[in-house]
Amino acid sequence: MSLIIILFIVMLVIFSILWGNRTFSVKTLNQMIYHMVVPCDGTDEGIFKDWFLNCAPPTFLTTLIGVFLLYKTPLVFLFDYQGICITILILGTLLYALINYQIITYVFDMVRTSKLYEEHYVDPQNVELEFKEKRNLIHIYLESVENTYLSKEDGGQEENNYIEELGILANENINFSHNEKIGGSYTIEGTQWTIASMVGQEAGIPLLFPLSKDKYNENSSFLSGCYTIGEILEKQGYQNRIIMGSEANFGCTSNFYKQHGNFKIEDINSLKQEGRLPQDYHVFWGFEDAKVFEFAKEDLIEMSQSGQPFCMELVTIDTHTPDGYVCEHCKHEYDSQYANVIRCQSRQVEAFIRWCQQQEWYENTTIVITGDHKSMSEKFFKNLDKNYLRTPYNCFINSAVKPIQPKNRKFAIFDFYPTILASLGVKIKGEHLGLGTNLFSDEKTLLEKYGGQRIFIAVSSGDKKIGKPLQKKKQNNNKYRRANPFFQIRRHLFPPPLKFCYLLKIPHKSDLPADIPVRKRRG
């Protein structure tokens, strides 16, 4: 009986891993670790249903087949070696997990160091920013929207152009691309999920958290060492607001926006408290994108009448994995539900942009549209060209400045930090903030200077070759290791005496001072 139970558990684990690969494309421990230590309030129940339907039946079936083979065939002799069989099953499953999630590579990465921060992080608080005018900012985060959905002629991989309207907007305005067509950013470790993308675009750093026994909640300090777009705009007298069709506590999103820019947060809970949504209303992750856009219109009218410049962020949700949410506006144009939802969102975004363009405040407003990350619904991408680079969508509308070279660029989403500010007409001395480079300028990004592979290694495992070597004595190395988030994050299983991170300011019992300086780039 023990052998049968172990067989059932092993098969459930294997089918769960396969389901996770198809549904979330989660093969990085960083994302898994992050969601283990932060709140996941409001997760769509459909995900759990999808997991059960895709994992439970094959698990029971394979277990029944195993029982039949063990009892009705010559394999019955295996019961005499249950201990050996159980050990093989467990070790085999562990080996599969190690290979699938690249755990061995992760462990080796943790003992390496990186000079990425000490050499290339530019502290925004020490950079001269000149606001000649205070333009409004609308930033729309599109859940899982990538350029792959475009037709091949426009830079995608689809026979049908699922985001035709977004493609038109990109061609009419500014799209930063890795090629001559509509394109986007390279995906860096620590930017592959929504809040990580937000941190990357608004703080100029990837989001990497250590495995910790301490759990985060809605009151926990979150990235207290970084300085964001929200904080810069708040200091300039902007009113900041964000609206999302899910719970803001999910993934510490509310912590980030409350603590960095004092945003007014509108989610399913706050809108119910305000009476703008019925108390019993709940679809998908909260409420659908159609309502996000309608509530945003109401908010924008209100904010535009205040006399203050505003920053309004919208976060969509309908296109979330595994199959998206079919709202009343969706048409049945394709066999794939996910394709129909993507098509519907493209139309809704364009309609919202056209509405904005008709408002009196539009002339003094820049609109930024970015896909938060590549889609996690791997099952939707079965026939892609192996050489095709999947990139998140981006579009800058009514920018105050024109880019020198928007095409054939190599960049990451943390380059959007200074780029978004520049689109408002802000002059940035040095053109760098955080790890990001202003894409409107002719300055090279980190990926362009050192190559994508080297930056990927520096972020995920610590590249000792990147940047200039420190001209410091060996006994002083600890000072810079303390100031280096990658060192602290990657050494958490083999912790140094003082485990602390300047940007993340991870709580620790040590008495390490909190004012460790971040070294500014020269020039």
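For the structure itself, consult the block above.
Since we're looking at a predicted model, the values are computed, not measured.

Would you mind going over the packing of helix 7 (residues 164-172) against helix 13 (residues 337-357) in detail, with residue names and values included?
At a minimum axis distance of 7 Å, the contact between helix 7 and helix 13 shows a crossing angle of 45°. As far as their axial angle goes, helix 13 and helix 7 are oblique. Facing helix 7, whose interface residues are E164, E165, L166, I168, L169 and E172, helix 13 presents R343, S346, R347, V349, E350, I353 and R354. When grouped by side-chain class, the residues that make up the contact of helix 7 with helix 13 number five nonpolar, one polar and seven charged.

For the packing of helix 12 (residues 289-304) against helix 13, give the residues involved together with the corresponding values.
The N-to-C vectors of helix 12 and helix 13 enclose an angle of 10°; their axes lie 10 Å apart at closest approach. Viewed along their axes, helix 12 and helix 13 adopt a mutual orientation that is roughly parallel. When helix 12 is examined against helix 13, the residues D289, A290, F293, A296, K297, L300 and I301 are found in contact with a partner set consisting of Q345, Q348, V349, F352, W355 and C356. Of the residues in the contact of helix 12 with helix 13, the class split is nine nonpolar, two polar and two charged.

Would you mind going over helix 14 (residues 416-423) in detail, with residue names and values included?
Burial of helix 14 is extensive: eight of the eight residues sit out of reach of the surface. Taken as a whole, helix 14 has its buried residues at F416, Y417, P418, T419, I420, L421, A422 and S423. One or two positions beyond helix 14, positive phi appears at G425, with a value near 90°.

Could you give me a rundown of the pattern of salt bridges, with the residues and numbers involved?
Under the defined criterion, the tally for this structure stands at 20 salt bridges. For K264, the salt bridge is made with E266, and the minimal N-O distance between the two is 3.8 Å. Taken together, the shared-partner salt bridges connect R241, K264, E266, E274, R276, E298, D299 and E302 into one network.

If you had to explain helix 13 to someone new, which residues and values would you point to?
Residues separated by three or four positions in an α-helix point in the same direction, a consequence of the helix having 3.6 residues per turn. Taking 1.5 Å of rise per residue, 21 residues should cover 30 Å, and helix 13 covers 31 Å from first to last C-alpha, within 8% of that figure. Of all 21 residues in helix 13, 16 are buried, a share of seventy percent or more. Sitting at the head of helix 13, S336 places a side-chain oxygen 3.3 Å from the backbone nitrogen of Y338.

Provide a residue-level description of unusual backbone geometry, including the pertinent values.
Residue P322 follows T321 across a cis peptide bond; omega there is 10°. Structurally, P322 can be placed in the loop between strand 5 (310-315) and helix 13. With a phi angle near 50°, L223 is a residue other than glycine that sits in the positive phi range. One can find L223 in the loop between helix 8 (194-203) and helix 9 (229-235). The backbone of E431 sits at a positive phi, close to 65°, despite the residue not being glycine. You can see E431 is positioned in the loop between strand 8 (426-428) and strand 9 (432-433).

So, the environment of L271: which residues are in play, and what are the values?
You can see L271 is positioned in helix 11 (residues 268-273). Exposure remark for L271: the relative accessible area of 0% places this residue in the buried category. A sequence separation of 24 residues divides L271 from F295, and the C-alpha atoms of the two residues are 9.4 Å apart. Apart from residues lying up to four places away in sequence, L271 is in contact with I243, E266, R276, L277, F287 and F295.

Conventions and cut-offs
- Residues numbered from 1 in each chain as written.
- Predicted model: local features only at pLDDT ≥ 70, side-chain atom pairs only at ≥ 80, totals over all residues.
- Heavy atoms only, no water.
- Axes fitted to C-alpha atoms, helices over the stretch in contact; angles between N-to-C directions.
- Helix = DSSP H or I, 4+ residues; strand = E, 2+ residues; numbered from the N terminus.
- Parallel < 35°, antiparallel > 145°, perpendicular 65-115°, else oblique.
- Contact = heavy atoms within 4.5 Å.
- Nonpolar A, V, L, I, M, F, W, Y, C, P; charged D, E, K, R; others polar.
- Buried < 20%, exposed > 50% of the residue type's maximum accessible area, 1.4 Å probe, protein only.
- Salt bridge = Lys/Arg side-chain N within 4 Å of Asp/Glu carboxyl O.
- Expected span 1.5 Å × (residues − 1).
- Polar contact = N/O pair within 3.5 Å; in protein donor to acceptor, adjacent residues only side chain to side chain.

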